[in-house]
Amino acid sequence: MKRIFAVAATIALLCPALAACSYDCAETGPETTYSAVVEFNSPEEVNVSVCAEVRLLPDGCDMLPFALYPLLFVSEESAPVLPSDLASAYPGGFDAGEVSSLSVTGDAQGFDTDGQTVCVYPDDGVLSTRTGKFYFEYTLSLPHNEMRYGYDDFAVRLADFLPRLYACDDGFTQHPYLPIGDPFAFGQSDYDVTVLYPEEYALAAPGEVSDVPGGSRTILEDSRDLTLVLLRSAEVYRAEKNGFSVAAYAEDGGSAEFAAKTALDAMCVFAAAFGAPSRASLTVVRLPFYGGGMEYCGIVYVSDSLSPSQTASCIVHETAHQWWYADVGSDQVLYPWLDESLAQISVILYFRRAGMGAFADALAATARDTAARYAGESSLDVSRSLYDYESQRDYYVTVYCKAAALADGVCGVLGEEVFCDALALFRKTYSGRSATSDDLFACFGENASFVRAAMLSGRFT
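Every chain's residues receive numbers from 1 upward, in the order its sequence appears when written. Per-residue local features are limited, in this predicted model, to residues with pLDDT of at least 70; the limit for side-chain atom pairs, both in listing and counting, is 80 or more; totals at the level of whole chains, interfaces and linings are taken over all residues. The side-chain values count all of the structure's non-hydrogen atoms but skip hydrogen atoms and water molecules.

> Which parts of the structure should I look at to understand the overall build of the chain?
For the chain, the helix and strand inventory stands at eleven helices and 23 strands. Radius of gyration: over C-alpha atoms. The globule rule applied is 2.2 Å multiplied by the number of residues raised to the 0.38 power. Computed over its C-alpha atoms, the radius of gyration of the chain comes to 22 Å, within 12% of the 23 Å expected for a compact globule of 461 residues. For the chain, the C-alpha atoms occupy an extent of roughly 60 × 50 × 45 Å along the three principal directions. Across the 461 residues of the chain, 57% fall into the buried class. Sequence separation of 24 or more characterises 68% of the internal contacts of the chain that already satisfy a separation of 6 or more. Secondary structure elements are defined from DSSP: runs of H or I of at least 4 residues count as helices, runs of E of at least 2 residues count as strands, and each element is numbered from the N terminus. Between buried and exposed lies partly exposed: a residue is buried under 20% and exposed over 50% of the maximum accessible area for its type, with that area taken using a 1.4 Å probe on protein chains only. The contact definition used throughout considers only heavy atoms, calling two residues in contact when any of these lie within 4.5 Å.

Laid out in structure tokens, this is it:
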């Protein structure tokens with residue numbers, strides 16, 4: 001029996017809202033708040049009710065585009081994965097998900113979808129008050145896979161399963177979903193989500209988590225996303241140090257302890273190098289995942305198929321994204337190198353500061369050697385957008401290897417203290433905002449021209 005889904009009254013009490021605009025948006029907005037009740041009965045039946053509140057809309061907004069990530073998983077043609085990676089992402093064969101019974105009410109005249117986006121048309125009251133509340137209801141049937149969104153025998157991965165208003169600057173940033181990289185551009189929002197689930201599951205969630213009858217509630221502020229994981233038979237290890245806290249989930253206690261302690265140590269090292277992040281807690285989940293690792297705000301995935309050294313590097317890399325993505329954002333389609341390369345150079349810096357200089361040097365050498373090995377196969381232009389990549393290898397070699405190697409070279413020329421001071425200024429200046437490559441370079445002050453030339457063209461003279 002369903003415990004709840006006709007939850008319009010419940011969701012109304014939780015209060016969220018939403019709005020969008022078809023052209024210029026206010027410099028500071030719009031502001032969005034999401035409240036939701038999620039009823040997880042099984043991977044084949046997840047009932048979702050969301051109230052989205054949008055404020056500070058510019059005059060004349062006549063359409064609000066909300067990305068609904070699960071829509072991409074309903075067919076093999078739209079699935080967010082390259083054809084060459086389908087077998088790895090779907091080890092049991094392709095399995096389609098479904099989004100059914102979708103409705104949008106509240107301050108909406110109507111809506112439609114294009115296979116990726118829910119386009120909501122606000123009523124006249126929203127146009128006059130620049131504020132609107134929109135109520136989404138839908139049921140999810142999750143695909144069986146090892147991707148960001150889906151499930152297997154161990155974990156149910158609810159990544160980006162709520163509708164999200166696209167980022168708005170001089171208009172909404174609506175990139176088509178690309179199967180390479182992280183093709184997202186979203187601003188920060190507040191989330192208040194209650195999840196109801198069977199007793200045999202545990203919830204791994206970011207934010208401030210508390211127990212409620214039949215489930216859990218998480219409150220997450222100033223976040224670019226909300227991702228939750230439901231786990232069967234998972235062990236959890238919690239660690240605290242210097243005001244930071246980490247909760248790590250894994251199939252066994254030893255793996256959970258290693259993940260928690262590694263992430264916590266990385267948080268302390270990065271806070272000393274770049275300044276404290278906006279969020280002092282992190283959840284790490286070790287699970288089946290074909291992509292190695294994946295960052296979200298306050299929670300990260302780490303694949304359980306990695307070697308011990310790869311696991312350590314992956315945990316540190318995804319932890320670094322709490323600075324370079326969760327805190328300082330960017331358009332990950334136009335500037336894919338920005339957050340990924342900073343996260344990877346942060347890994348090298350971490351191991352150097354943790355007294356493992358030989359391992360750090362080996363990581364840097366591998367990045368340089370890999371970039372050199374494939375130099376003849378592509379331009380390896382670090383400044384390319386995701387639209388310009390044709391393969392995962394091209395993307396990986398450029399963004400993770402060449403860009404990280406160049407950043408390590410810049411660090412070597414300027415000195416680690418000067419380099420880290422510039423990154424600390426970058427974090428402080430753009431915390432809670434979205435930055436560009438030029439914004440990063442400007443933080444190097446008198447060295448800006450040198451850093452630009454070194455990073456974008458490999459010129460160190």
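> I tried to follow the sheet that holds strand E11 (residues 164-165) on my own but got confused; where do I start?
Whenever strands of a sheet pair, they do so through backbone hydrogen bonds, lying parallel or antiparallel. Spatial ordering of the open sheet is given by E6-E7-E4-E11, a layout of four strands whose pairing is antiparallel. One side of each edge strand has no neighbouring strand; the edge strands of this open sheet are strand E6 (108-113) and E11. Note on pairing: DSSP must find at least two bridges between two strands before they are called paired. Of the pairings in the sheet, the one linking strand E4 (residues 64-67) to E11 comprises two bridges and is antiparallel in character. Counterpart to Ala67 in the pairing with E11 is Arg164.

> Help me out: how do you make sense of unusual backbone geometry in this one?
A negative phi angle characterises most non-glycine residues, just as the trans form characterises most peptide bonds. A positive phi angle is found at Ser101, which is not glycine, with a value near 55°. For Ser101, a relative accessible area of 57% puts it in the exposed group.

> Any chance you could explain the sheet that holds strand E9 (residues 150-151) here in plain terms?
Here we have four strands laid out as an open sheet, ordered E9-E10-E16-E13, and antiparallel in their pairing. Pairing within the sheet leaves two strands with one partner each, and these edge strands are E9 and strand E13 (201-204). Note that strand E10 (residues 155-159) and strand E16 (residues 227-232) share five bridges and pair antiparallel. When the bridges of E16 are listed, Ala155 appears paired with Leu231.

> Explanation requested: the nonpolar core in the structure shown.
Generally speaking, a soluble globular protein has its nonpolar side chains buried in company with each other. The definition of a nonpolar core used throughout is a set of buried Ala, Val, Leu, Ile, Met, Phe, Trp, Tyr and Cys residues joined through side-chain atoms within 4.5 Å. Counting 61 residues, the largest nonpolar core has Phe270, Phe274, Val284, Trp324, Phe419, Phe426 and Met455 as its most contacted members. The biggest single contributor to this core is helix H4 (residues 253-274), with twelve residues. Ignoring any residue separated from it by four or fewer positions in sequence, one finds Met455 in contact with Trp337, Val382, Ala403, Leu406, Ala407, Val410 and Phe441. Tyr34, Ala52, Leu165 and Val193 belong to the second-largest nonpolar core, a separate cluster that totals 60 residues.

> Where do I start with the pairing of E10 in this structure?
Consecutive side chains along a regular strand alternate between the two faces of the sheet. When you tally the buried positions in E10, you get five out of five residues, the bulk of the element. In terms of strand pairing, E9 meets E10 through two bridges, oriented antiparallel. When the bridges of E10 are listed, Gly150 appears paired with Arg157. As consecutive antiparallel partners, E9 and E10 are separated by three residues.

> What should I look at first to understand the pattern of salt bridges in this one?
Pairing of side chains with opposite charge becomes possible as their charged atoms draw close. Definition used for salt bridges: Asp or Glu carboxyl oxygen within 4 Å of a side-chain nitrogen of Lys or Arg. Under the defined criterion, the tally for this structure stands at 14 salt bridges. A salt bridge links Arg157 to Asp152, with the nearest nitrogen and oxygen atoms 2.8 Å apart. Put simply, Arg217 and Asp192 hold a salt bridge, and the shortest N to O gap is 2.5 Å. In this pair, Arg217 is assigned in strand E15 (residues 215-223) and Asp192 in strand E12 (residues 189-196), connecting sequence segments 25 residues apart.

> Would you mind showing me how to read the environment of Ala354 here?
Topologically, Ala354 is positioned in the loop between helix H6 (336-353) and helix H7 (357-373). Sequence separation of Ala354 and Ala266 is 88 residues, and the distance between their C-alpha atoms is 8.8 Å.

> Sorry if this is basic, but what is going on with the confidence of the model for the chain here?
Should pLDDT be low for a region, the predicted coordinates there are not to be read in detail. Scored by pLDDT, the chain comes out at a mean of 91, with 92% of its residues at no less than 70. One confidence number per residue, pLDDT, is output by the predictor and ranges from 0 to 100. Low pLDDT (under 50) marks residues 1-27, which in the prediction has 115 contacts with non-local residues, meaning those over four places away or in another chain.

> What is the right way to look at the environment of Gly292 in this model?
Here Gly292 lies in the loop between strand E19 (281-287) and strand E20 (293-296). Gly292 gets classed as buried once you look at its relative accessible area, which sits at 17%. Note: C-alpha distance between Gly292 and Tyr69 (223 residues apart in sequence) is 20 Å. Those residues in contact with Gly292 that lie beyond four places of it in its chain are Val302, Ser303, Leu306 and Cys314.

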